[in-house]
Amino acid sequence: MQNLNPTRTQSNRYRIFSSPALRLFLFIFLAVCPLPMRHAMAQTIYGSIVGSVTDSTGALVGGATIQVTQIETGATRTVSSNSVGVYSISTLDAGTYRVIVTKAGFGEFAAKNVAVRINTIVRVDAALSVSSVSQSVQVSAQTAQLQTDSADVHGEITSNALQNLPQPTRTYEGLIGLMPGVSPPSASSGGTNNPARSMALESNGTSQSATNVRIEGVGSTNPWVQYFSTAVPSVEALETVNVVTASADADEGLGSGAAINVQIKSGTNHLHGSFYEYHEDNALKARPYFEPVDQRLPKLIDNDFGGTLGGPIFKDKLFFFGSYEGDFTRMGSSNIVTVPTDDIRNGIMTASPTPIYDPSTGNPDGTGRTPFADNTLPSIDPIAAKIVALIPEPNLPGLANNYFVNTPIVSDLHKVDTKFDWHTTQNLTFTGRVSDYPYIDNQKTIFGDVLAGGHEYTQNGNIYAISISGTYVARPNLVLSGTFGVTHSTQNYAPPGTNVRYGSDVLGIPGTNLGDLPAGGSMPNFNINGYEFYGYDYPALIYNDPIFQYTGTGTWTKGRHTINFGIDISQQHMNHMEVQ
């Protein structure tokens, strides 16, 4: 084994803003990237309400007052329709809204239960009657309408679907495959490079690596294996998943395939929570076809449980939401491999039709070799004898496939998602998110902790994500928003026995187990034709891959035009150390 230097990509670091409340929007003005003019922009983690105001004759009404109030939190925004009776309210938190339109000399128009989702534009047109009596229109459910305010092609998965549609994977990714144009993703058991057990997604014939995933506006695409997500929040913690499959807006960025925006639930003025548990057991599992009849069913126990809690800290001002999910798997992996019989262990190969030649004889091209008499070795090399002593005896008949072993697997994955919403004033709001996903996976080896063999690993690590977003209504026609976030993954992988240099110190093989312990330890890899390999098949590694996201956007409405501008920076790091 040789100790390699760590591989570092983009290892420079930037100082995080020292005064978040003051500097949250600073990077908006570092570079201004004008986006195409259109009526409104949803802006990935926010939604928008647009519409027109008319009178009973259909004529447009300018100067009307439009007030929108989020029912869950009481947050209110007020704008006026322009000279041609059109209004636009951008950068709204996802939720359910009440829209009230008033104008002197006209009756009041009220639309209730207007659902606003992330990355969507909702149209509410108001028809005012010439009357002193207010008119109220209650919208209990919005019907599907032709999308005329945004060019993108998108679909949504709401919390109701996430929690009630049956699917074995217990992730939002398992339902994205039901959307038009999206290929069904395959489940993943996780492991190195994918500890969060993410699925690879592709849409409309684009590459899996072209999919871009953001959670609360912060990139979550794995910088090393780009068709996986670094973080996968708990299903119970999600409010909405928005998937854009075609004609994505400029603010989606960094992806030529599907653009996936994931929103975590928020607290409201009412305390709410839940508790759940899912259990899977090998008692209901079918017997594997090649399982020996005298062996019991391989162990398979999966306990998945957790809960959520959200509510107000200060009514109408400060809200919290928290979610925990623990997935604990205990299972066995059936293995049938070939091990040497007693005769083969002693160098007696008479049962083999293949001649055994003396390696010290013959020509370099393999001709002229002298076979051993009776296919029997006159002696056993001392190093080989030490290895043979570690190999278990056959427990099945025959020369091949004569050893069965059930290797236990332990897998623990925790998911903690929290979110805070702070309405400091009517014009300034902040949203913060902290997520933590520690994990540990262990699978025992076929031949024990020293000789190892297939399926050996011990891996653990942690994924955490932190983000803060802010929205500032500078004027009714000028709204600024910004997001800073970090998604950080640390992965550790080690073969068994890394505390001992088995190759050099125990077996006496020169040139092995180079480097410091523990990375330089363990049994070297031995491959013998027709047999399961001995030693470990993958070296120790440490991955440290953070992603930093800086996003700033602005929406400026002037007359009949809306101009959107912004900047989006994703800084991805890969700091890898592997020993070979």
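Residues numbered from 1 in each chain as written. Predicted model: local features only at pLDDT ≥ 70, side-chain atom pairs only at ≥ 80, totals over all residues. Heavy atoms only, no water.

Concerning the pairing of strand 25 (residues 561-572)
Here is the rule we go by: Here the rule is simple: two strands pair whenever DSSP picks up at least two bridges between them. By definition, any uninterrupted DSSP run of H or I lasting at least four residues is a helix, any uninterrupted run of E lasting at least two residues is a strand, and each is numbered from the N terminus.
Strand direction decides the pairing type here: strand 24 (residues 541-558) and strand 25, joined by 12 bridges, are antiparallel. Bridging from a neighbouring strand, Gly554 pairs with Phe565 of strand 25. In this structure, the hairpin formed by strand 24 and strand 25 is closed by a connection of 2 residues, where Gly559 is found at a positive phi of approximately 60 degrees.

Quick look at the packing of aromatic side chains
The condition is simple: A pair of aromatic rings is counted whenever rings of Phe, Tyr or Trp (Trp by its six-membered ring) have centres within 6.5 Å, and the orientation is called stacked for planes under 30 degrees apart, edge-to-face for over 60 and tilted otherwise.
Counted by the stated rule, this structure contains 8 aromatic pairs. A network of ring pairs unites the aromatic residues Tyr403, Phe447 and Tyr534 as a single cluster.

Describing the pattern of salt bridges
To be explicit about the condition: When a carboxyl oxygen of Asp or Glu is within 4 Å of a side-chain nitrogen of Lys or Arg, the pair counts as a salt bridge. The buried label applies to any residue whose accessible area, calculated with a 1.4 Å probe on protein chains only, is under 20% of its type's maximum; exposed applies above 50%, and partly exposed to all values in between.
This structure, assessed with the given rule, holds 10 salt bridges. Note that Lys419 and Glu216 form a salt bridge whose closest N and O atoms lie 3.1 Å from each other. Taken together, the residues span a long stretch of sequence, with Lys419 in strand 20 (residues 403-423) and Glu216 in the loop between strand 13 (212-215) and strand 14 (218-219) at a distance of 203 residues. No difference in accessibility class separates Lys419 from Glu216, as the two residues are buried. Between Asp412 and Arg330 there is a salt bridge, with the nearest N and O atoms lying 2.8 Å from each other. With Asp412 in strand 20 and Arg330 in strand 19 (residues 318-337), the pair connects residues that are 82 residues apart, well separated along the chain.

Focus on the nonpolar core
Applicable threshold: We call a set of buried residues a nonpolar core when its members are Ala, Val, Leu, Ile, Met, Phe, Trp, Tyr or Cys and they connect through side-chain atoms within 4.5 Å of each other. Note on definitions: a residue-residue contact is assigned when non-hydrogen atoms from the two residues lie within 4.5 Å.
Grouped together as the largest cluster of nonpolar side chains are 26 residues, with contacts concentrated most on Ile157, Leu162, Tyr172, Ile176, Val241 and Ile260. Those elements that place two or more of their residues in this core are helix 2 (159-164), helix 3 (173-176), strand 13, strand 15 (238-246) and strand 16 (259-264). Each residue touching Ile157, except ones within four places of it in the same chain, is listed here: Leu162, Tyr172, Leu175, Ile176, Met179, Glu239, Thr240 and Val241. Core analysis: the next-biggest nonpolar cluster, separate from the first, contains 21 residues, Val53, Val79, Ala111 and Ala126 among them.

Some remarks on the confidence of the model for the protein chain
The line we're drawing: Confidence scores labelled pLDDT are given residue by residue by the predictor and lie between 0 and 100.
Chain-level statistics for the protein chain give a pLDDT mean of 83 and a share of 87% at 70 or above. Here residues 1-42 is a poorly scored stretch, pLDDT under 50, and it has 115 contacts once near neighbours within four places are set aside; other chains count.

Notes on a nonpolar patch on the surface
Here is the rule we go by: Each patch is built from salt-bridge-free residues with over 30% relative accessible area, joining like charges within 9 Å and nonpolar side chains (Val, Leu, Ile, Met, Phe, Trp, Tyr) within 5 Å. Method for areas: the Shrake-Rupley scheme with a 1.4 Å probe, in which residue coverage is limited to the protein chains shown.
On the surface, a cluster of nonpolar side chains totalling about 430 Å² of accessible area is made up of Tyr289, Phe290 and Ile336. Within the fold, Ile336 resides in strand 19. Note on Ile336: relative accessible area 35%, which makes it partly exposed.

Points about the sheet that holds strand 16
Strand order in the open sheet formed by 5 strands is 12-15-16-13-14, and the pairing between neighbours is mixed. Each edge of the open sheet carries a strand with a single partner, namely strand 12 (153-158) and strand 14. As paired strands, strand 13 and strand 16 are joined by 4 bridges and run parallel to one another. Residue pairing across strands places Val213 opposite Ile260, the latter belonging to strand 16.

Points about the side chain of Gln459
Structurally, the position occupied by Gln459 is in strand 22 (residues 457-475). Apart from the residues within four sequence positions on either side, Gln459 is in contact with Gly191, Thr192, Tyr439, Ile440, Asp441, Asn442, Asn492 and Tyr493.

Here's the deal with the environment of Asp449
By the secondary structure assignment, Asp449 is in helix 6 (residues 448-451). Placed 47 residues apart in sequence, Asp449 and Pro496 show a C-alpha to C-alpha distance of 5.7 Å. Sequence-distant contacts of Asp449, defined by excluding residues within four places in its chain, comprise Pro496 and Gly497.

Things to note about the side chain of Asn513
Inclusion rule: Polar contact is the term for a pair of N or O atoms within 3.5 Å; when the atoms are in protein, one must be able to donate a hydrogen and the other to accept it, and sequence-neighboring residues count only if both atoms are side-chain atoms.
Positionally, Asn513 belongs in the loop between helix 7 (502-506) and strand 24. Here the side chain of Asn513 touches Ser504 through a polar contact of 3.1 Å, landing on its backbone nitrogen.

Re the environment of Ser186
Its place among the elements puts Ser186 in the loop between helix 3 and strand 13. What makes Ser186 exposed here is its relative accessible area of 51%. Residues Ser186 and Thr169, spaced 17 residues apart in sequence, show a C-alpha to C-alpha distance of 9.4 Å.

A closer look at the environment of Tyr46
For Tyr46, the location among the structural elements is in the loop between strand 2 (33-34) and strand 3 (47-54). Excluding residues that lie within four positions of it along the chain, Tyr46 makes contacts with Thr91, Leu92, Asp93, Arg117, Ile118, Asn119, Thr120, Ser469, Gly470, Thr471 and Ser481. Polar side-chain contacts of Tyr46 include one of 3.0 Å to the side chain of Thr471.

Describing unusual backbone geometry
Despite not being glycine, Asn119 shows a phi value in the positive range, around 60 degrees. Residues other than glycine seldom take positive phi values, yet Glu216 does so here, at roughly 55 degrees. For Glu216, a relative accessible area of 7% gives the class buried.

Structural notes on the pairing of strand 3
A large share of strand 3 lies buried, amounting to 8 of its 8 residues. Burial along strand 3 is two-sided: the face carrying Gly47, Ile49, Gly51 and Val53 and the face carrying Ser48, Val50, Ser52 and Thr54 are both buried. As judged from the 5 bridges shared by strand 3 and strand 6 (residues 86-92), these two strands associate in the antiparallel manner. Bridge pairing in strand 6 links Ile49 to Ile89. Sheet analysis places strand 3 next to strand 10 (residues 126-127), joined by 2 bridges and oriented parallel.

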